[in-house]
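Tertiary structure, described
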Amino acid sequence: TAAMNPGNFFAELKRRNVYKVAVAYAVVGWLVIQISSTVMPTFHAPEWVVQTLIVIVALGFPIALVIAWAFEMTPEGLKRTEDVRPDEKIPQWSRRKFAGLIISLALAAAGLLAFQFLRSKSGTPPNPASSTPAPAVTPASPIPEKSVAVLAFTNLSDDKENEYFSDGISEELGNVLGRVPGLRVSGRNSAFYFKGKSATAQEIGQKLGVAYLVTGSVRKLSEQVRITAQLISAADGFQVWSSEPLTRECKDIFAVQDEIAGLIAQNLKLKLGDTGRVPKTVNPEAHRLLLEGRHFWNLRTQEGFARAEAAYTKALEIDPQFAEAHAGQADNYQIRAQYRLLDGLGGEEEDQKRALAEVQAAIRLDPALPEAYAAYAYLLHNQGKLAEADQYYQKVFALNPNYAIAHLWHGQLLDELGRLDEAVEENRLAYELDPLGFIIVDRYAQHLELVHRFEEALTFNERAAALRADIWMPNQGERAMILLALGRTKEAIEVARSIQRSSSNWPRWTADADAVWVLHRGGVPQEAESYAAQLLQTLPEKSYVRGMVLANIGRFAEALPYLERSPILIRRNFFWSENWDEWRSDPRFLPLMEKLGCANEYTVARQTLSRMLKERGAAK
């Protein structure tokens, strides 16, 4: 019959515009997909949104052809083909207009495709969100070939309160990779700096000093977690490796982290080796609380410490054998103790006792946990047991040589032992591992000031200020000191005055004392005296800062009783800070060092500094 004749069939397809619908649908569908894949990431749309759209477009193609065959567009509207009279006039598409439309759409789609290709070549990441740039960072050494940063994974859970859960998974993965022999891993604070910010893979790699980036997503569903991860070359933004979605029980979260870390190491032609982690399951709720505690501890606020304490306490009520939670609680207690001491809040002795009990429990439960040894080393350090603390830092680095905050703490310990040249290298390494971590950058600036590298100190002081504008007081006290040392007296005085004018109550720490010294030495002693009188009326009677204020306006005899109670935290000031230059020849100064138990270290420190300054002068 005529209906079965192939020639008639293809003629009918042409008459019913099926060919044109097919071409138009293909071009428009391609354009829609290109626009979506370009625009969706700007709004942080999950990857499945674009994937679903592609499936819908593909499924719609045969449906469009069936509709084109079965229906005709008439002046009265859409009608079934069999209902259209043979003599009825049906609008036909102009060949010229149709060709023009299709060519225009094809060019637009091709242009978008070319844009995406060029963007991937330049290393633009998949999720730009903000144009806030990171502070300029110049790596101190060439980027190692085997180096990686684990960026904050995307939280795909319906509950946005699980944000800290996805952040915690990323942080823990970084900790596991940190134990891989031969692999440099960027610190958590630096890697997380780019969360929600627009930066190309090349920019991130350069700022963090790494060759590869790890990105991924986390979806938590009840007692299960689904994780995907990608390894990206920072040089060009191309994906080196991508995991299949890994769905596991939350209790097996440590195992899946080891699995992902092993695959990443394999793709970098490295072996994961023995991480020292004991194969174990973990209570999902206890693990969730561990991640919550770490999140709030990292805020470094009194409220954050309190919420971290509550989270760790609940985790340990659920699982008293959870070594990671004991170590986290130990860190929380001892850092809070320092902040309480510096803020004059009191209660630091009780927190130190709690920290000791927690860290001992952590080491007993997991003898291969670097976080536990780092907490114990820092605790011993603050108790003045410097040689013993040094031994425990070595245990930390044997387990995880990429533990940036431990390198920072160790650098401070080496300062106090008088081993200044070693301290320089340790502070530099901490910075290279975590170049966008505020605490590390700020401490590095302080260290450079202490060894009289003032120009470099000012650079890093400014970088730290850009990273955390909310913690500016101590940073600005250091800035005023550095500017005065550089001979920029007017600027130094203005910074000191801004500290005095500030109504901020937290954290002031030693910034006021530094500002008094700058005003006194900068040529406005009356302002310094007035500022000091104001401080002495408000500072607690037992505060060691009273001693620093009195000494900084020349009243050393009155300052001594307060300075004799000074904590180990400010030994570095006595050893090297220019504040104390005029008092170091005072016959009462060395007895002060002896009373503080650091006379030998002080002597070594001064000798080391003298040697370093001579060597630097000879080099110039």
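So, a few notes on the structure that sits alongside this text. (Residues numbered from 1 in each chain as written. Predicted model: local features only at pLDDT ≥ 70, side-chain atom pairs only at ≥ 80, totals over all residues. Heavy atoms only, no water.)

Quick look at the overall build of the protein chain now. Within the protein chain, the secondary structure is distributed over 27 helices and 9 strands. By the burial criterion, 53% of the 620 residues in the protein chain qualify as buried. If you take every contact in the protein chain between residues at least 6 apart in sequence, the share linking residues at least 24 apart comes to 64%. Carbon together with sulfur atoms contributes 57% to the accessible area of the protein chain, which is approximately 28400 Å² in total. (Helix = DSSP H or I, 4+ residues; strand = E, 2+ residues; numbered from the N terminus. Buried < 20%, exposed > 50% of the residue type's maximum accessible area, 1.4 Å probe, protein only. Contact = heavy atoms within 4.5 Å. Areas by Shrake-Rupley, 256 points an atom, 1.4 Å probe, with all protein chains shown as cover.)

Positive phi, normally seen in glycine, also occurs at His-452, with a value near 65°. Mapped onto the elements of the fold, His-452 is located in the loop between helix H17 (438–450) and helix H18 (454–467). For His-452, a relative accessible area of 26% puts it in the partly exposed group.

With that settled, the discussion passes to helix H20 (residues 489–501). A turn of α-helix holds 3.6 residues, and therefore any two residues three or four places apart point the same way. With 13 residues, H20 extends 18 Å between its outermost C-alpha atoms, agreeing within 8% with the 18 Å of an ideal straight helix rising 1.5 Å per residue. Taken together, the buried positions of H20 are occupied by Ala-492, Ile-493, Val-495, Ala-496 and Ile-499. Buried positions in H20, seen along its axis, are confined to an arc of 160° and lie on one side of it. More than 90 degrees from the buried face of H20, the exposed residues found are Lys-490 and Arg-501. (Expected span 1.5 Å × (residues − 1). Arc of directions from axis to C-beta.)

On to the nonpolar core, then. Leu-173, Leu-177, Leu-213, Ile-227, Ile-264, Trp-580 and Met-593 are the most contacted members of the largest nonpolar core, which totals 163 residues. Broken down by element, the residue count for this core peaks at 9 residues, all from helix H13 (residues 370–382). The residues contacting Leu-173, other than those within four sequence positions of it, are Val-150, Phe-153, Val-214, Gln-257, Ile-260, Ala-261 and Ile-264. (Core = buried A, V, L, I, M, F, W, Y, C linked by side-chain atoms within 4.5 Å.)

Judged by which residues are buried, strand S3 (residues 147–150) turns out to be covered on both faces: Ser-147 and Ala-149 on one side and Val-148 and Val-150 on the other are all buried. Examined bridge by bridge, S3 and strand S5 (residues 184–185) share 2 bridges and lie parallel to one another. When the bridges of S5 are listed, Ser-147 appears paired with Arg-184. Where S3 and strand S6 (residues 212–221) come together, 3 bridges link them in parallel fashion. Directly across from Val-150, in S6, lies its bridge partner Val-214. (Pairing = 2+ DSSP bridges.)

Right, let's get into the packing of aromatic side chains. Tallied over the entire structure, the rule returns 11 aromatic pairs. Their ring planes at 80° and their centres at 5.6 Å tell us that Tyr-193 and Phe-194 sit as a pair that is edge-to-face. Taking relative accessible area as the criterion, Tyr-193 reaches 14% and is therefore assigned buried. One aromatic cluster is present, built from ring pairs that chain together Tyr-373, Tyr-376 and Tyr-392. The side chain of Arg-354 reaches across the aromatic face of Tyr-333, ending 5.7 Å from its centre. (Phe/Tyr/Trp six-rings, centres within 6.5 Å; stacked < 30°, edge-to-face > 60°. Lys NZ or Arg CZ within 6 Å of the ring centre and 35° of its normal.)

Of note, Glu-371 is situated in helix H13. Although buried, Glu-371 forms no salt bridge, and the nearest oppositely charged side chain, Arg-179, lies 4.2 Å from it. (Lys, Arg positive; Asp, Glu negative; His and termini not counted. Salt bridge = Lys/Arg side-chain N within 4 Å of Asp/Glu carboxyl O.)

With that settled, consider the pairing of strand S8 (residues 239–242). With 3 bridges joining them, strand S7 (residues 224–233) and S8 adopt antiparallel strand pairing. Residue pairing in the sheet places Leu-231 in a bridge with Trp-241 of S8. Following S7, the chain reverses through 5 residues before pairing antiparallel with S8; Gly-237 in that reversal takes a positive phi of roughly 80°.

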